[in-house]
Amino acid sequence: MSKTNAGYFFEDYRVGQVLTHATPRTLSAGDVALYQALYGPRFALQSSGDVAEASGLPRGVVDDLITFHTVFGKTVPDISLNAVANLGYAEGRFLSRVQAGDTIRAESEVIGLKENSNGKTGIVWVRTKGFANGDRPVLEYVRWVMVRKGDVTAPAPETMVPELAEAVAAEALQVPEGLDWSDFDFDSSGEPHRFGDYAVGEVIDHVDGVTLTDPEHMMATRLWQNTAKVHFDVTARPDEQRLIYGGHIISLARALSFNGLANAQLLAAINGGAHANPAVAGDTIRAWSEVLDTARTENPSVGALRLRLVATKGAPGALRGEDGKYLPEVLLDLDYWAFIPI
Amino acid sequence: MSKTNAGYFFEDYRVGQVLTHATPRTLSAGDVALYQALYGPRFALQSSGDVAEASGLPRGVVDDLITFHTVFGKTVPDISLNAVANLGYAEGRFLSRVQAGDTIRAESEVIGLKENSNGKTGIVWVRTKGFANGDRPVLEYVRWVMVRKGDVTAPAPETMVPELAEAVAAEALQVPEGLDWSDFDFDSSGEPHRFGDYAVGEVIDHVDGVTLTDPEHMMATRLWQNTAKVHFDVTARPDEQRLIYGGHIISLARALSFNGLANAQLLAAINGGAHANPAVAGDTIRAWSEVLDTARTENPSVGALRLRLVATKGAPGALRGEDGKYLPEVLLDLDYWAFIPI
Amino acid sequence: MSKTNAGYFFEDYRVGQVLTHATPRTLSAGDVALYQALYGPRFALQSSGDVAEASGLPRGVVDDLITFHTVFGKTVPDISLNAVANLGYAEGRFLSRVQAGDTIRAESEVIGLKENSNGKTGIVWVRTKGFANGDRPVLEYVRWVMVRKGDVTAPAPETMVPELAEAVAAEALQVPEGLDWSDFDFDSSGEPHRFGDYAVGEVIDHVDGVTLTDPEHMMATRLWQNTAKVHFDVTARPDEQRLIYGGHIISLARALSFNGLANAQLLAAINGGAHANPAVAGDTIRAWSEVLDTARTENPSVGALRLRLVATKGAPGALRGEDGKYLPEVLLDLDYWAFIPI
């Protein structure tokens, strides 16, 4: 039985340790079609090779969340196989665009450790980097998770809590090379709203709802080679429910956000995010967005919107209760930057 | 909230209005594989690049219903987001073949309007055209839908009911350029039956049944970027059932019709069609066909069969009751032309 | 109704008869992505074009079970449409590797017949061969099935039971041309275990469980154009359960076996196999493997492991009861050879 990978436990991590994640993966038009079938995105740049080309990008540029999920999936066997909770994201930046045919690999550096006072679990911070075709950086982000100790008698490591930016600075966003939206065809995207039409504080209800099913989230999660057993095995939990991979909710909410944000076509950064409550099959997901900030970039045709994207089950309402905690119907609270034509 | 698209209401349409539908889409081998997984077609020309090439067509020619669904899906946000019912099709013609890699766009012209006597809804007729890679026509058809009024006090438009052909004339069918079935390999297709083996009035029971599931029709419907909420959101209806996109039933019935019509490999026209009753998960679909007409074409190796394709839930039986209405187990009554080797 | 294919009955087969199976199929990156979504494999060689190339194989080499399912699916309309049971496999060999873009066809020769004493059914043995792009052999195997008689008064054929090897001899395994694992990157595959680390008799528990759903097995089965109705139609059985295609369990178990056998990356042969009990949606599948034999090949960088792969529902336990029969929780008992770096 010794050949089976049991995953890392809290005491197996050291600050400075670099984990080379296994099973690099070559993405294809098949992954793009499955992403379409599972989430139904309609952003014009990824839907149409003609629109991508007219924007100065290669045909077949994939949705940025495909990049995110692929990199994230690679990290699961080394980071979160024994995780109790996925606690947060910070300092996420999309560094270059991925096309069908690119081969993605990932590595993570442990940048923080803190044992919990119960002595049974601890928090691990990692900075993960994704690369295409060898060494072209495509994505980096910090994630922290609560991990079980395998041996509760293992001594606590020295506490090291990394300082993380509250948000990625607008100046640090990487506008894709060659992107030119100076003559963008707003008929192709389905909405006329451009950078200047959005104001800080504006809230957009994305209207539509989608009821979740088990086969869909399982297929999505396998597509990214994410092996966490709670997503697949009804015997893993007393309630016999499969917990849905948090990234599934991110992609569904992002696809719903087309309705009102059709021109926010590329992700630029992930400032932070919380999977506030677990989702299961049967839940009906709705989403709303709030404009948190706006910024011009060095590219005169490209602006950036900082957006809060909230996914709920049931009708959207308040975000937090009087105790400051997320309400039980809130599933996702994601803070990100997106690029939009000026 | 004003940025969210609420869709068109009946009073928003004018005869002669041209709607340029958004989100052009580049089809790929991924869409073809998903179509295979969702419906299980076995028509040799689309299954095998070798058979396509031997027939004088390019490798990777896609099922004509992929073309239909992609064009149809584009029209939903502008035509049927507030539709109460999809009433009919006419004058549908497949004008050229689509391959993986082609980018499909669509536009529709409003050709008829008639407010209903209740003053709350009206009927809208549109002629929709699909194009590949700019301006190559691939499909056109007329569809009419019943649409809600957004403002019941809006005045009724002048009534304009278009005259529509009962069926596409055999002479108007567009045989694909280069198609040559003079030396077709009937071993590859699985059945020996060719044009001359079918007689008007002949009825073919396609035997097999398929029980519907929610994840499958949702994945199919998203693949075509069809956003009508009744397909996805169990809270949209009092019975908490997701209604299945009518095109899902067309594709399932067409795939079942392989058994007896294996050589009717290309769609030529859609003469008419009714989604007689809604389908939901758990229904088991069966299908039968009737040969309505036969015609030779200007291509000596290519004949055309005019077929009625009927999908039912439960065992196939009669089509209409004594009152002339479709029986409740009838889901689809489609009248189309297909090409078959002579 | 005469145009509908009712399938072959026992009395329709003759020893020496060659069946050319219909609907050749061109595989694509879309099939590979669906295989990923349905089973979640992580074997590095098929996951990454870079790893394939570094191993001397073409980018886009597909999982060997995609080859198996595609060939198998082609045989169903001619071999097992009226089958009562799929009894066994023998002498299976993977002869060359399939890439996206290859067109697969199949033919079978009847090599044995034996009517059962009840006079209502009989056993048919066939040797099936799969070819790519015309005549390149990719796979061959013997399968035997129990088939119903259509006419119980038809005379029994002369009994002919073929002699079959208990296992494919190590010397008969076809190492893929060009395969070079002398410098394999074990970081990419996720486990350090190579040929010399496995010992005959060693048992590996693959740990994870996956709960089955109907839409997933139906999509998989359609992808291979396998039309056996018990997989799709709840009205085909009194218990209204869809029986799951046995190959679905093979693929799931093989994907689970990554955990402990990550470097056993290519299938070499199928020595035998039993679908011990049927599986239905809701069952949770687990798997374990036993090393039955090991062998070096003529390629100094490539070894072969003979493995028993067992899939169970519920926790793995014993294989057979005191009566020598498989226990009811055993679903699959597969005996195969795989290639692994030395």
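Residues numbered from 1 in each chain as written. Chains lettered and ligands numbered in written order. Predicted model: local features only at pLDDT ≥ 70, side-chain atom pairs only at ≥ 80, totals over all residues. Heavy atoms only, no water.

A short note on the environment of Glu-329 of chain A
Residues and elements named next belong to chain A. Short version of the rule: Only DSSP runs of H or I with at least four residues qualify as helices, and only runs of E with at least two residues qualify as strands; both kinds are numbered from the N terminus onward. For the exposure calls, accessible area comes from a 1.4 Å probe over protein chains only, and a residue counts as buried if that area is under 20% of its type's maximum, exposed if over 50%, partly exposed in between. Every residue pair with non-hydrogen atoms within 4.5 Å of one another is taken to be in contact.
Locating Glu-329 in the fold gives a position in the loop between strand 11 (302-313) and strand 12 (330-341). In this structure Glu-329 comes out as partly exposed when scored by relative accessible area, which is 27%. In this structure the C-alpha to C-alpha distance between Glu-329 and Arg-222, which are 107 residues apart in sequence, comes to 26 Å. Each residue touching Glu-329, except ones within four places of it in the same chain, is listed here: Asn-277, Ala-311, Thr-312 and Lys-313.

Brief notes about the relation of the copies chain C and chain A
Rule in force here: For the least-squares superposition of copies, only C-alpha atoms count, and only for residues with pLDDT at least 70 in both.
It takes a turn of 120 degrees to lay chain C on chain A, together with a shift of 0.0 Å along the axis; the resulting RMSD is 0.0 Å. Both copies of the chain, as the preceding transformation shows, are related through a three-fold rotation axis. Judged by C-alpha distance, Gly-30 of chain C is the residue of chain C that lies nearest the rotation axis, at 2.2 Å. The share of interface residues of chain C whose copies in chain A are also at the interface is only 9%, consistent with the copies meeting through different surfaces.

Description of the pattern of salt bridges
Residue and element names in this part refer to chain A. What counts, and what does not: One speaks of a salt bridge when a side-chain nitrogen belonging to Lys or Arg is within 4 Å of a carboxyl oxygen belonging to Asp or Glu.
The final tally for this structure, using the stated rule, is 57 salt bridges over all chains. In this structure, Glu-115 and Lys-149 form a salt bridge, with 3.0 Å as the shortest nitrogen-oxygen distance. With Glu-115 in strand 4 (residues 103-115) and Lys-149 in the loop between strand 6 (136-148) and helix 5 (186-189), this pair connects stretches of sequence that are 34 residues apart. Shared partners join several salt bridges into a network, and the residues in it are Asp-50, Glu-53 and Arg-59.

Re the interface of chain B and chain C
By convention, interface size is frequently given as the accessible area that disappears when the constituent parts associate. Selection rule: As a working definition, buried area equals the accessible area (1.4 Å probe) given up by two parts on being put together, with both sides summed. We define a polar contact as two N or O atoms separated by no more than 3.5 Å, with the added condition that, inside protein, one atom must be a possible hydrogen donor and the other a possible acceptor, whereas residues neighbouring each other in sequence contribute only through side-chain atom pairs. Residue classes follow a fixed rule: Ala, Val, Leu, Ile, Met, Phe, Trp, Tyr, Cys and Pro count as nonpolar, while Asp, Glu, Lys and Arg count as charged, and any other residue, Gly among them, counts as polar.
Chain B puts 43 residues into the contact, and the matching count from chain C is 30 residues. Buried area between chain B and chain C, both sides added, is near 2,900 Å², and the carbon and sulfur share of it is 56%. Our count for the contact surface shared by chain B and chain C stands at 4 salt bridges. Between Lys-3 of chain C and Glu-202 of chain B there is a salt bridge whose closest N-O contact spans 2.5 Å. Linking chain B with chain C are 20 residue pairs in polar contact (both at pLDDT 80 or more), by the criterion used here. Contributions of two or more residues to the side of chain B that touches chain C are made by helix 1 (29-39), helix 3 (49-54), helix 5 (186-189), strand 7 (203-205), strand 8 (210-211), helix 6 (214-223), helix 8 (258-261) and strand 10 (284-296) of chain B. Ranked by residues supplied to the side of chain B that touches chain C, first place goes to helix 1 of chain B with 8 residues. Tallied by class, residues from the side of chain B that touches chain C come to 16 nonpolar, 16 polar and 11 charged.

A look at the packing of helix 6 (residues 214-223) of chain A against helix 6 (residues 214-223) of chain C
Rules: Between N-to-C directions, angles span 0 to 180 degrees; the directions come from axes that are lines fitted to C-alpha atoms, helices contributing only their stretch in contact. Small angles under 35 degrees read as roughly parallel and large ones over 145 as roughly antiparallel, with 65 to 115 read as roughly perpendicular and the rest as oblique.
In the contact formed by helix 6 of chain A and helix 6 of chain C, the axes pass within 8 Å of each other and the chain directions differ by 60 degrees. Of the possible angle classes, the one that applies to helix 6 of chain A and helix 6 of chain C is oblique. Residues Pro-215, Met-218, Met-219 and Arg-222 of chain A of helix 6 of chain A touch helix 6 of chain C, and the partners they reach there are Pro-215, Glu-216 and Met-219 of chain C.

So, helix 7 (residues 246-256) of chain B
With respect to burial, helix 7 of chain B is a largely interior element, 11 of its 11 residues being buried. Those residues of helix 7 of chain B that fall on the buried side of the exposure criterion are Gly-246, Gly-247, His-248, Ile-249, Ile-250, Ser-251, Leu-252, Ala-253, Arg-254, Ala-255 and Leu-256 of chain B.

A closer look at the domain arrangement of chain A
Residues and elements named next belong to chain A. We count it as follows: Domain start and stop points were drawn from an automatic or database domain assignment.
The assigned domain composition of chain A is domain 1 (8-153) and domain 2 (192-342). On a C-alpha basis, the centres of domain 1 and domain 2 stand 16 Å from each other. On the side of domain 2, 33 residues touch domain 1, which itself brings 37 residues to the contact. Carbon and sulfur atoms supply 63% of the area buried between domain 1 and domain 2, which totals about 3,100 Å² over both sides. Among the residues of domain 1 in contact with domain 2, Tyr-39, Phe-43 and Tyr-89 are the three that bury the most area, contributing 25% of the side total. There are 13 residue pairs in polar contact (both at pLDDT 80 or more) connecting domain 1 and domain 2. Going through the elements one at a time, helix 1 (29-39), helix 2 (44-47), helix 4 (64-79) and strand 3 (83-94) are the ones with two or more residues in the side of domain 1 that touches domain 2. The element best represented in the side of domain 1 that touches domain 2 is helix 4, accounting for 11 residues. Looking at the side of domain 1 that touches domain 2 residue by residue, the classes come out as 20 nonpolar, 9 polar and 8 charged.

Topic: the side chain of Asn-263 of chain A
Residues and elements named next belong to chain A. Tracing the backbone through its elements, the reader meets Asn-263 in the loop between helix 8 (258-261) and strand 9 (266-275). Take Asn-263: its relative accessible area is 0%, and that puts it in the buried class. Within the local environment of Asn-263, its side chain forms a polar contact with the backbone oxygen of His-193, the two atoms lying 2.9 Å apart. With residues up to four places along the chain from it excluded, the contact list for Asn-263 reads Phe-184, Phe-186, Ser-189, Glu-191, Pro-192, His-193, Phe-339, Ile-340 and Pro-341.

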